[in-house]
Amino acid sequence: MTESILTRASRVGLFRTYAGRPFLRVNEWGWNRLPSALKSARPMRLYGAFLHSLVKLRSPRRQYHGTFFLRNRRELELIRALAEKRPQGSTLRIAVVACSNGAEVYSIVWTIRSARPDLKLVVHAMDISNEIVEIAKEGVYSQESEQIVGSAIFERLTAEEIRTMFDRDNRRMKIQSWIGEGISWRVGDAGNPQLADNLGPQDIVVANKFLCHMAPPDAERCLRNIAHVVAPGGYLVVSGIDLEVRTKVALELGWTPIPELIEEIHNGDPSVRRDWPWKYWGLEPFDPKKPDWAVRYASFFQLGKPSTQD
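Residues numbered from 1 in each chain as written. Predicted model: local features only at pLDDT ≥ 70, side-chain atom pairs only at ≥ 80, totals over all residues. Heavy atoms only, no water.

S.K.: Any chance you could explain unusual backbone geometry here in plain terms?
M.R.: Note: most residues except glycine have negative phi, and most peptide bonds are trans. Here W276 and P277 are connected by a cis peptide whose omega angle stands at 5°. Mapped onto the fold, P277 is located in the loop between helix 14 (270–274) and helix 15 (293–296). Positive phi values are uncommon outside glycine, yet L70 reaches one of about 50°. On the secondary structure map, L70 appears in the loop between helix 3 (42–58) and helix 4 (73–84). Looking at L70, the relative accessible area reads 2%, which means it is buried. Residue S100 is not a glycine yet carries a positive backbone phi of 55°. (Helix = DSSP H or I, 4+ residues; strand = E, 2+ residues; numbered from the N terminus. Buried < 20%, exposed > 50% of the residue type's maximum accessible area, 1.4 Å probe, protein only.)

Pasting the structure below:
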């Protein structure tokens, strides 16, 4: 009986992996021709979730370094709100894991320092790629650096934002010194068991847009490891991850989801929303009818309670 069940399961897996290819092609052709209103209907959302599960099963996962400045404005808005709760002149410790070319790090620092210049920011930025860390540390961007990361990193900035963030040098754009100061750049692996010892406790830990590129079991182990870096009562910001993985870990470890701007942040990066259901990193539509929606769609979590010293 056991062998029969395993055999059937194996056949189903082979069918989904190989016979699913033409099936997905036909469905993608049809899906892309549907009106937006029809795609938003609940039955089509459920069918889209089924298609996305097939895409995730079939697609090989690999890391990407593509990103943008001010990628998710509502996410930055909530980070600013958390910073504004800090006492006047206090220290705010932030770690950005998988920092890529630095666009996210500089976006966070620019956002906080624009609102709270009195805060002493201590920022650790880490990525597994030495080449990418060197680009981020230099803080100089051009067409060549865009080619390395594979994205037009300035496309979401206004002319005024570019003026306040960069100094122009011919065709190169350099991060202004008031943004770059106080950032410690390092090469490291987010899955390293010594991560918490290496970085120390942090008030805010940002782990965005890289866990989705890992196999779910590896992503889960890595997320649990990253959580050890968050100081008691601190905040973990994690997006760009399989929602099932994030939900499972958050529920098992008792994280408190932050409800503010939950839907706006979920929909705040149009590129990943647009890629659903045809890319494994695509993000499903926000659905408040799901029983676990408050955890499933949260990107901000508070971990534990603040220590008495805070």
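S.K.: What exactly am I supposed to notice about the environment of D118 here?
M.R.: Within the secondary structure, D118 sits in the loop between helix 5 (103–115) and strand 2 (120–127). A relative accessible area of 25% means that D118 is categorised as partly exposed. Along the chain, D118 and Q88 lie 30 residues apart, while their C-alpha atoms are 6.6 Å from each other. Excluding its chain neighbours within four sequence positions, the residues that come into contact with D118 are P87, Q88 and G89. At 2.9 Å, the side chain of D118 forms a polar contact with the backbone nitrogen of G89. A polar side-chain atom of D118 sits 2.7 Å from a polar atom in the side chain of R116. (Contact = heavy atoms within 4.5 Å. Polar contact = N/O pair within 3.5 Å; in protein donor to acceptor, adjacent residues only side chain to side chain.)

S.K.: Explain the sheet that holds strand 4 (residues 166–169) here, please?
M.R.: Strand pairing in a sheet is mediated by backbone hydrogen bonds. Such pairs are either parallel or antiparallel. Here three strands make up an open sheet; going across it, the order is 3-5-4 and the pairing antiparallel. Edge strands, defined here as strands with exactly one partner in the open sheet, are strand 3 (140–141) and strand 4. (Pairing = 2+ DSSP bridges.)

S.K.: Would you take a moment to explain helix 4 for this structure?
M.R.: At 3.6 residues per turn, the α-helix brings residues three or four places apart onto the same side. Between its terminal C-alpha atoms helix 4 stretches 16 Å, which fits the 16 Å expected from 12 residues at 1.5 Å a residue. Listing the buried residues of helix 4 in full gives E75, L76, L78, I79, L82 and A83. The buried residues of helix 4 all sit within an arc of 160° when viewed along its axis, so they share a single face. At its buried positions, helix 4 is contacted by strand 1 (91–97), helix 5, strand 7 (202–207), strand 8 (230–237), helix 13 (262–266) and strand 10 (300–303). For helix 4, the capping residue at the N-terminal end is N72, with a side-chain oxygen 3.3 Å from the backbone nitrogen of R74. (Expected span 1.5 Å × (residues − 1). Arc of directions from axis to C-beta.)

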